[in-house]
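Okay, here's what each chain looks like letter by letter:
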Amino acid sequence: MLKRRRATILAVVLAAAAVSCRHATAPEMPVPQDWRSLMQHPGPFAALYRFSCCGQRNLILAVRSGADRLSISVAVPPGGTAMSAWFAGDEGWVERVKERCREPLPHGMFPLSKDAALPLDPDLAALVLSGLLPEGAHEVPLTPGWVEASNERLTWRARIEGPPTHCSRVLVLRPGEERPLLGADLKSPIGHVPGALVLTAGSKRVEMVLEEWHAAEPPPPPEWLAVPACGAMR
């Protein structure tokens, strides 16, 4: 009786292990046939997010993008604007609200607070927030379901799912490296636009929930660009 019971338990364990193994080795689904419909330049847009970052929750992030420009502002209700940033081409500035001055931003950084930023330049930020793919993207032969594009500075990988056809995960890496500079989970798609995003870069984690998205004119330069550069008046 004891031997029969042991045999039954062993059979259950082996069956469970086999099922687990099948799930672990389940093949990735190929990219949807119309994945190239996502390979387009983002049109000008305005978006509003409720987000959490840097030890704070329920912040408000406003983004406007278009014509090689990007405008960002972060508000902390009910205190008002905490940080504003502006990009035009390769030039970027952040407003130091309390100091009433502006400070240049390093290229390729997307600021979120005084001490936190993500490794995204304006073009990549617009692609991630729009759920679109860069020109030149192609399928990755050894990784079904993923597409990739590269330039001299960065490699961009995206997991494509559907329907509807959308990016579900994005990785940004330096060429030749496998450890991502940035990982982004894109959730709750509204068409191709992600309705929620979780972005991680090193120890930083940002959660964003889309409140509003619409086509818009490219952003005009902000008035605060007229204030002096930090340190210029000393």
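Worth saying up front: this structure is predicted, and the values here are computed from it rather than measured. (Residues numbered from 1 in each chain as written. Predicted model: local features only at pLDDT ≥ 70, side-chain atom pairs only at ≥ 80, totals over all residues. Heavy atoms only, no water.)

**A word on the nonpolar core**
The test is simple: By nonpolar core is meant a set of buried Ala, Val, Leu, Ile, Met, Phe, Trp, Tyr and Cys residues that side-chain atoms within 4.5 Å join together. In this scheme, a residue with accessible area under 20% of its type's maximum is buried, one over 50% is exposed, and one in between is partly exposed, where area comes from a 1.4 Å probe on protein chains only. Only DSSP runs of H or I covering at least 4 residues are called helices, and only runs of E covering at least 2 are called strands; the numbering of each starts at the N terminus. Whether two residues touch is decided by their heavy atoms; if any such pair falls within 4.5 Å, the residues are in contact.
Within the largest apolar cluster, 51 residues are counted, with the highest numbers of intra-cluster contacts made by Tyr-49, Phe-51, Leu-133, Trp-156, Ile-160, Leu-199 and Met-208. Residue contributions to this core peak at 6 residues, all from helix H2 (residues 122-130). Every residue in contact with Phe-51, bar those within four places of it in the chain, is listed here: Arg-57, Asn-58, Leu-59, Ile-60, Leu-61, Val-74, Leu-112, Val-206, Glu-207 and Met-208.

**Some remarks on the layout of surface pockets**
The following threshold applies: Whether a set of points on the 1 Å grid over the protein atoms alone is a cavity depends on a 1.4 Å probe fitting there but being unable to get out, while an open set qualifies as a pocket with protein on both sides within 12 Å along at least five of seven lines; lining residues are those with an atom within 4 Å of a point. Grid points are joined across faces, edges and corners, and a volume is the space filled by probe spheres set on the points. When residues are grouped by polarity, Ala, Val, Leu, Ile, Met, Phe, Trp, Tyr, Cys and Pro land in nonpolar, Asp, Glu, Lys and Arg in charged, and all others, Gly among them, in polar.
Approximately 510 Å³ is the volume attributed to the largest pocket. If you list the elements that add at least two residues to the lining of the largest pocket, you get strand S2 (56-66), strand S3 (69-76), H2, strand S10 (146-150) and strand S11 (155-161). For the lining of the largest pocket, the element with the highest residue contribution is H2, accounting for 5 residues. In the lining of the largest pocket, the residues fall into 13 nonpolar, 7 polar and 6 charged.

**Considerations on the pattern of salt bridges**
We apply this condition: Any Lys or Arg side-chain nitrogen located within 4 Å of an Asp or Glu carboxyl oxygen qualifies as a salt bridge.
Counting across every chain of the model gives 7 salt bridges. With a shortest N-O distance of 2.9 Å, Asp-121 and Arg-153 are connected by a salt bridge. Highlighted residues: Asp-121 in the loop between strand S8 (117-118) and H2 and Arg-153 in the loop between S10 and S11, separated in sequence by 32 residues. Between Arg-157 and Glu-178 there is a salt bridge, with its nearest N and O atoms 3.1 Å apart. With Arg-157 in strand S11 and Glu-178 in the loop between strand S12 (166-173) and strand S13 (182-190), this pair connects stretches of sequence that are 21 residues apart. Residue classification places Glu-178 among the exposed positions, given a relative accessible area of 57%. Salt bridges sharing common partners tie together Glu-148, Arg-157 and Glu-178.

**Here we look at the pairing of S13**
Here is the rule we go by: Paired strands are those between which DSSP finds at least two bridges.
Bridging between S12 and S13 involves 4 bridges; their strand directions are antiparallel. By the bridge assignment, Val-172 is partnered in S13 with Leu-182. Relative to strand S14 (residues 193-201), S13 is paired through 7 bridges, and the arrangement is antiparallel. If you follow Ala-184 over to S14, its bridge partner there is Leu-199.

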